[in-house]
Amino acid sequence: MPDALMLLAAVAASVAGMGWLALAMDVHWEQVRGDAPRRPACVACLRALGALALAASLALCLAVDHPSMAALVWVMALAAGALAVAMTLAWRPHWLAVLVMRAPGRVGA
Amino acid sequence: MFANFRLAMAWLHTWFGLVLGFVLMVVFFFGALSVFDREIDRWGIPASRFEPQPMPSFDKVLKPVFESMQPTQESIDRMRPRVDGPMPERYDTVRRWGAYTTHRDPVLGVFAGYEVPNAKDPDEAIFASRTIDPRTGAALPDDRLKIGSRFFYPLHYSLNFHWLDLGYWIVGLAALVMLAALVSGVVMHRKIFREFFTFRPRKSTQRSALDLHNLTGVVALPFHFFFAFTGLVIFAGLYFPVTHTQLHPLHELHEQHEEQETGLPQDRAGVPAPLASVDAMVAEAQRRWASRGMAGEVGFLALQHVGDANGYVSIYRAGTDRIALTGEGIHFKASTGEVLHEDPPPTAVASVAEFLTGLHLQHFRHWLLRWLYVLGGLAGCVCIATGLVFFVEKRKRQHAKQGSSGARVADAMAVTTVTGMLVATLGMLIANRLLPENLPNRGDWEQYCFWGAWLLAMAHAFWRTAPVAEGRLAPAWREQCWAVAAMAVAAVLLNWLTTGDHLLRTLAAGYWPVAGVDLFMLVSAALAAYAARRLGRRVRGAADARAMVAEAARA
């Protein structure tokens, strides 16, 4: 796979990972899914998924660049991912529903 | 003095943040622009809009250039007080010739250092520099300012304030305070994980500003920390000038040891010697890099003690694919071309130092990381700007009641440093396109336009923040947002009118340096216009609310 695509995937993994970590939090789950119930196991599952995605992002970075550079790319990709998720939660929270395999419908609609 | 540690930290964060926040805003914003300094140079100097070039042939192109160089009258005058006796007419004893290039440079900067007879410090050299077209060796006009790499970039680390090197010291202090602000900010922030993703734009301005301040501060915390820290590391030699003060004898001794170890002479032999083909040395260096599995281009080429039997040529590999700027130096005897010394792999300490400076200076090829750095820098700007807005929002009503103008002054300064800085930057780019091509000292005029535009923005900010003293929103923010939007569009249009390089052409040709600068300005214009409209709506909303209250009171 070309480097550019791998890096794109690394950034995407970082955004998804941050998204899952956010969904593991009650406030953000409500913003995205409204009253939809969530089992405690689901929280643990979301956290694990988030951590895995962030690790995958690191692996992708390492596959493309020298480790010294990959580390920088990863840390910055994490920041970009967190910012992207925070901004989505602020303006279009229901978009994050795709991360839990739901169509991004408006909450309560 | 303070009831608890957290309050002490809050005091530190608030007041140091306010005072040095204005400096940090400049450092962060021009740092973010410096990520693309060379691309901004291309925008500002249309004659240099061609593809990046590798290091040219020394024997054919560089040698005649170096031989024709002499220090400018300006640098001779600056040197005069540090010399006993008169200054010579010509400088012929070359201590060093050098040329540095990266994968983003179409034009090549070269420098020459000469010995100065009777200098009070015999180690001090006088320098000449020139920028050439590496394809032909032709010199570019000296007074054409490289806006990106010679104005925005030094503004980032020295504020272009060179009296007593005070600019460096102010920025250094700001970086130190920034580190303290990061630590104290983390201490103050009670819900660092619970509110990690929290931004509530629909709450009050004060709350939204604090959310955004925390968000941009926390998610980019590693970036903020590392850049403040590595910035200090890069200038450590300036902040702690020990090598040439307390440790001077040790430094001299170290130089002698180094000479013995590497066989590279520190001083001239005093015996003239010819110069062998440097191109052949470059070919040999590239062959050796390739044999180590690190084929690469030349990043830095330097000739020491030119014309002397002790002369040697150092060739360094460009650090395009790694963090370190250059490396794998190979040194040749200038008169014969034999290899004197190959730099061993760097020690652990040297590698860390190279990594720390390299990650900040980023001469590597990695466009994604470059853009992520811009994002980090702009996140820092948002963090500082929202910090200033929060400071004002928190106090303005109280100050209005007390009749104090503290919040108003802080708000005027915030407008000056946030939108005023954008006005100054765009003012400079517009001046760059409007000033006559052959105006003498054109670069100086561009700088006057920059500072002039900033002063105007400041005057406007102080004039149009009067409502803050009554606890209302300053119109200065909205008006300067409109100015930024209009100026950004004007700069893009002027680039089209004066050079013919409109976006359709640069995008079709894939010429990203100019297309990128234009697109960046258009996006900024759109964002500024959007912000101005939102601010306008907020003012009207507040006015309607007041009118309704007044109406209700009358009824």
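Residues numbered from 1 in each chain as written. Chains lettered and ligands numbered in written order. Predicted model: local features only at pLDDT ≥ 70, side-chain atom pairs only at ≥ 80, totals over all residues.

*Asks:* Residues and numbers for the overall build of chain A, please.
*Replies:* A count of helical and extended segments in chain A gives four helices and zero strands. Helices and strands appear in chain A in the N-to-C order α-α-α-α. Looking at the 109 residues of chain A, the share that counts as buried comes to 45%. The long-range fraction of contacts in chain A, counting pairs at least 24 apart against all pairs at least 6 apart in sequence, stands at 68%. (Helix = DSSP H or I, 4+ residues; strand = E, 2+ residues; numbered from the N terminus. Buried ≥ 20, exposed ≤ 12 C-beta atoms within 10 Å, placed from the backbone. Contact = placed C-beta atoms within 7 Å.)

*Asks:* Before we move on, can you summarise the overall build of chain B with the specific residues and values?
*Replies:* For chain B, the helix and strand inventory stands at 18 helices and seven strands. Computed over the C-alpha atoms, the radius of gyration of chain B is 27 Å, within 12% of the 24 Å expected from 2.2 N^0.38 for a compact globule of 555 residues. Taken over the C-alpha atoms alone, chain B extends approximately 100 × 60 × 55 Å along its principal axes. Counting the 555 residues in chain B, one finds 38% classified as buried. Summarising the internal contacts of chain B: among those between residues at least 6 apart in sequence, 70% fall at separations of at least 24. (Rg over C-alpha atoms; globule rule 2.2 N^0.38 Å.)

*Asks:* How would you summarise the domain arrangement of chain B if you had to cite specific residues and measurements?
*Replies:* Residues and elements named next belong to chain B. Partitioning chain B into structural domains gives domain 1 (51-152 + 257-361) and domain 2 (405-555). For domain 1 versus domain 2, the separation of C-alpha centres amounts to 42 Å. At the interface, five residues of domain 1 touch seven residues of domain 2. Residues belonging to the side of domain 1 that touches domain 2 are distributed by class as follows: three nonpolar, no polar and two charged. (Domains from an automatic or database assignment. Nonpolar A, V, L, I, M, F, W, Y, C, P; charged D, E, K, R; others polar.)

*Asks:* Which residues make up the nonpolar core, and what are the values?
*Replies:* If you look at the biggest cluster of nonpolar residues, it comprises 137 residues, and the most contacted ones within it are V73, M76 and A79 of chain A together with M25, V484 and A488 of chain B. Counting contributing residues, this core receives three or more from each of domain 1 (51-152 + 257-361) and domain 2 (405-555) of chain B. Excluding residues that lie within four positions of it along the chain, V73 of chain A makes contacts with C61 and D65 of chain A together with L368 and L369 of chain B. Counting 33 residues, the second largest nonpolar core, distinct from the first, contains I126, V282, V313 and I330 of chain B. (Core = buried A, V, L, I, M, F, W, Y, C linked by C-beta atoms within 7 Å.)

*Asks:* Go over the packing of helix α4 (residues 67-91) of chain A against helix α13 (residues 367-402) of chain B, please, and point to the residues and values.
*Replies:* In contact at an axis separation of 10 Å, α4 of chain A and α13 of chain B are set at 50° when each is read in the N-to-C sense. Relative to α13 of chain B, the element α4 of chain A lies oblique. The handedness of the crossing between α4 of chain A and α13 of chain B is left-handed. Touching L72, V73, M76, A77, A79, A80 and L83 of chain A of α4 of chain A are L368, L369, L372, Y373, L375, G376 and A379 of chain B, all from α13 of chain B. The residue makeup of the contact of α4 of chain A with α13 of chain B, split by class, is 13 nonpolar, one polar and no charged. (Axes fitted to C-alpha atoms, helices over the stretch in contact; angles between N-to-C directions. Parallel < 35°, antiparallel > 145°, perpendicular 65-115°, else oblique. Left-handed = near helix turned anticlockwise from the far one by under 90°.)

*Asks:* Could you give me a rundown of the sheet that holds strand β4 (residues 298-304) of chain B, with the residues and numbers involved?
*Replies:* Residues and elements named next belong to chain B. Spatially, β3-β2-β1-β4-β5-β6-β7 is the arrangement adopted by the seven strands of the open sheet, whose pairing is antiparallel. What marks the edges here is a single partner per strand, and that holds for β3 (125-132) and β7 (339-342). The average angle at which neighbouring strand axes cross in this sheet is 15°, direction not considered. When strand β1 (residues 94-100) meets strand β2 (residues 108-115), the two strands line up antiparallel, connected through six bridges. Bridging from a neighbouring strand, G98 pairs with F111 of β2. (Pairing = 2+ DSSP bridges.)

*Asks:* Explain the interface of chain B and chain A to me, and be specific about the residues and the numbers.
*Replies:* Listed per partner, the contact involves 23 residues of chain B and 20 residues of chain A. At the level of elements, α7 (205-219), α8 (221-234), α12 (348-361) and α13 of chain B are the ones that each hand at least two residues to the side of chain B that touches chain A. Looking at the side of chain B that touches chain A, the element that brings in the most residues is α13 of chain B, giving seven residues. Of the residues belonging to the side of chain B that touches chain A, the class tally is 18 nonpolar, two polar and three charged.

*Asks:* Talk me through the packing of helix α14 (residues 406-434) of chain B against helix α15 (residues 442-463) of chain B; I want residue IDs and the actual numbers.
*Replies:* Residues and elements named next belong to chain B. Viewed as axis vectors pointing N to C, α14 and α15 meet at an angle of 150°, and their least axial separation amounts to 7 Å. The angle between the axes of α14 and α15 places the two elements in the roughly antiparallel class. As α14 packs across α15, the resulting crossing turns out to be right-handed. Here A412, V415, T416, G420, M421, V423, A424, G427, M428, A431 and N432 of α14 come into contact with α15, specifically with W445, E446, C449, F450, A453, W454, A457, M458, A461 and F462.

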